[in-house]
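Residue-level listing of the chains:
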Amino acid sequence: MKRMVSGIKPTGELTLGNYIGALRNFVKYQDDFDLYVFIANLHCVTVPIEPAELRKNLKDAIALYLACGLDPEKCTIFLQSDVLEHAQLGWLLTCMTYMGELNRMTQFKEKTHNQQDESIGAGLFVYPSLMAADILLYDADYVPVGNDQKQHVELARDLAQRFNNRYSETFVVPEPKIAEVGARIMSLSDPNKKMSKSEESNKGCIYLLDDLNVARKKVMSAVTDNLAQVKYDKENQPGISNLLEIMSSLSSESIESICSRFEGKGYGDFKAAVADVVCEELAKIQSKYHDIINSDMIETVLKDGAEKAHKQAFKKLKKVQKKMGIDIM
Ligand code: AQP
């Protein structure tokens, strides 16, 4: 079985973007791949966050992983900080990463464009090297990501190749795996921006734990256009195209079929149908989430997951230390 590794950083509540672009695909992949999915808690502290809020987000995220259908019998689920090798390999790879590479990262530029260097945390700058370690520790063949993370997987590939060339064959060079539909779900209030959990106003972002009435309202007030046609045209109708992507990925109905079903109908009808599909999906997830969050399942899953992940990570880190000459035996 080919191996796949991915993670989500719960800097806030998980979003519909995380679900469509990542989680939902993990659930499909767990049957065909040896899947490792982690909660990227070390990545959460690259920006200031309240400890109580972070703790709640982490617990919710694990419960949501399980509620969305990840099965600990089929895949390895763990907390990144429980496997200490992530931080150490992260440091070693940081030392092999060039400033120029990190400077080119569009996520870094987007997240810091209004800030002075003096107030930007160094962790935010170097986190792509830690992400490379997250992937390379497990000899991942594939990394399922949304479009926004593709550049980071490219860096992991470059670092794997750089290490292999310098110290001999050690790492598998991973490939990004990007779904055709839903790789970049956009904000409902500004369809030219990605739907993000750290968005300032939360009107454009549907959270997986949103009250269903709130979620419905967000869809009904999504920004569209005045062209009065349900058509997939990202350039001229980014709002409608985004709603089409959301509906198509959640219902598995093709975009063409949705467009022809809504030909001649108003945006109100179309939005109501999108809201129905979104709320139906959220309702299923939330009902499972409530059962899980009140059980002791989370603790057991994380303990078993960390043990299994650690075995693999420990072997790989030892190999790396030996090749770099930082061990003495
Ligand atoms: N809007 C999105 N559309 C499609 N995929 C998305 N992903 C995130 N947002 C969307 C995918 O989810 C996985 C985990 O991402 P993450 O939460 O670890 O980091 P992120 O991409 O930085 O997400 P946010 O919500 O934008 O977080 P903040 O606001 O904290 O930076 C990845 O595979 C990602 O592609």
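Rules behind the numbers
Residues numbered from 1 in each chain as written. Predicted model: local features only at pLDDT ≥ 70, side-chain atom pairs only at ≥ 80, totals over all residues. Heavy atoms only, no water. Helix = DSSP H or I, 4+ residues; strand = E, 2+ residues; numbered from the N terminus. Rg over C-alpha atoms; globule rule 2.2 N^0.38 Å. Buried < 20%, exposed > 50% of the residue type's maximum accessible area, 1.4 Å probe, protein only. Polar contact = N/O pair within 3.5 Å; in protein donor to acceptor, adjacent residues only side chain to side chain. Contact = heavy atoms within 4.5 Å. Core = buried A, V, L, I, M, F, W, Y, C linked by side-chain atoms within 4.5 Å. Domains from an automatic or database assignment. Near = heavy atom within 4 Å. Areas by Shrake-Rupley, 256 points an atom, 1.4 Å probe, with all protein chains shown as cover. Salt bridge = Lys/Arg side-chain N within 4 Å of Asp/Glu carboxyl O. Axes fitted to C-alpha atoms, helices over the stretch in contact; angles between N-to-C directions. Parallel < 35°, antiparallel > 145°, perpendicular 65-115°, else oblique. Left-handed = near helix turned anticlockwise from the far one by under 90°. Nonpolar A, V, L, I, M, F, W, Y, C, P; charged D, E, K, R; others polar. Phe/Tyr/Trp six-rings, centres within 6.5 Å; stacked < 30°, edge-to-face > 60°. Lys NZ or Arg CZ within 6 Å of the ring centre and 35° of its normal.

When you go through the protein chain residue by residue, the secondary structure sums to 13 helices and five strands. Relative to a compact globule of 329 residues, whose C-alpha radius of gyration would be 20 Å, the protein chain shows 21 Å and is just as compact. Principal-axis analysis of the C-alpha atoms places the extent of the protein chain at approximately 75 × 45 × 40 Å. The buried share among the 329 residues of the protein chain stands at 54%.

Inspection of the secondary structure assignment puts Thr-97 in the loop between α4 (85–94) and α5 (99–103). Residue Thr-97 is classed as buried on the basis of its relative accessible area, which comes to 11%. Of note is the side chain of Thr-97, whose polar atom sits 2.6 Å from the backbone oxygen of Leu-93. Apart from residues no more than four positions distant in its own chain, Thr-97 is found in contact with Leu-102, Ser-129, Leu-155, Leu-159 and Arg-162.

As a rule of thumb, soluble globular proteins bury nonpolar side chains together. By size, the foremost hydrophobic cluster in this structure holds 67 residues, and its most contacted members are Leu-23, Leu-70 and Phe-270. With 13 residues, the single largest contributor to this core is helix α12 (residues 267–293). Three or more residues apiece are contributed to this core by two domains, here domain 1 (3–183 + 296–324) and domain 2 (202–290). Non-local contacts of Leu-23, meaning those with residues more than four positions away in its chain, are made with Ile-8, Leu-14, Asn-18, Tyr-65, Cys-68, Leu-70 and Leu-208. By size, the runner-up hydrophobic cluster in this structure holds 38 residues, among which are Ala-140, Val-143, Phe-163 and Leu-317.

The subject of this paragraph is the side chain of Gln-237. With respect to the helices, strands and loops of the structure, Gln-237 is situated in the loop between α9 (212–220) and α10 (238–251). Once you skip the residues sitting within four places of it in the chain, Gln-237 turns out to touch Asp-225, Leu-227, Gln-229, Lys-231 and Tyr-267.

Attention now goes to the site of the ligand. Of all residues adjacent to the ligand, which total 23 residues, the nearest are Thr-11, Lys-111, Ser-196, Lys-197 and Ser-198. Here a nitrogen atom of the ligand sits 2.9 Å away from a polar atom, N or O, in the main chain of Met-195. When the ligand is considered free in solution it has 640 Å² of accessible area, and contact with the protein chains removes 97% of it.

With that settled, the discussion passes to the domain arrangement of the protein chain. Taken as a whole, the protein chain is organised into domain 1 (3–183 + 296–324) and domain 2 (202–290). Taking only C-alpha atoms, the centre of domain 1 and the centre of domain 2 are 29 Å apart. Taken together, the connections running from domain 1 to domain 2 amount to zero salt bridges. On inspection of domain 1 and its partner domain 2, the count reaches five residue pairs in polar contact (both at pLDDT 80 or more). Here the element with the most residues in the side of domain 1 that touches domain 2 is helix α1 (residues 16–29); it accounts for five residues.

So, on to the packing of helix α7 (residues 122–136) against helix α8 (residues 150–167). For the pair α7 and α8, the least separation of the axes is 9 Å and the interaxial angle reads 70°. Relative to α8, α7 is oriented roughly perpendicular. Both α7 and α8 take part in a crossing whose hand is right-handed. Across the interface between the two elements, Tyr-127, Pro-128, Ser-129, Met-131, Ala-132, Ile-135 and Leu-136 from α7 touch His-152, Val-153, Leu-155, Ala-156, Leu-159 and Ala-160 from α8. Looking at the contact of α7 with α8 residue by residue, the class counts come to 11 nonpolar, two polar and no charged.

Another aspect to go through is the packing of aromatic side chains. Counted by the stated rule, this structure contains nine aromatic pairs. Linked through ring pairs, Tyr-36, Phe-38, Phe-78 and Tyr-138 together constitute an aromatic cluster. Over the face of the ring belonging to Tyr-142 we find Lys-177, whose NZ or CZ atom lies 5.3 Å from the ring centre. Positioned above the aromatic ring of Phe-262 is the side chain of Lys-265, whose terminal nitrogen or guanidinium carbon lies 5.6 Å from the ring centre.

Before going further, it helps to examine the packing of α4 against helix α13 (residues 297–324). Running from N to C, α4 and α13 cross one another at 30°; their axes reach a closest spacing of 10 Å. The orientation of α4 with respect to α13, classified from their angle, is roughly parallel. The crossing of α4 and α13 is left-handed. For the pair α4 and α13, the contacting residues are Glu-85, Gln-88, Leu-89 and Leu-92 in the first and His-310, Ala-313, Phe-314, Leu-317, Val-320, Gln-321 and Met-324 in the second.

Within the structure shown, the criterion is met by 13 salt bridges. The salt bridge involving Lys-74 is made with Asp-31; its shortest N-O contact spans 2.9 Å. Here Lys-74 is found in the loop between α3 (51–67) and β3 (76–79), whereas its partner Asp-31 is found in the loop between α1 and β2 (34–39), with 43 residues between them in sequence. Using a relative accessible area of 45% as the deciding quantity, one classes Asp-31 as partly exposed. Of the charged contacts in the structure, one is a salt bridge between Lys-218 and Asp-210, with a shortest N-O distance of 2.7 Å.

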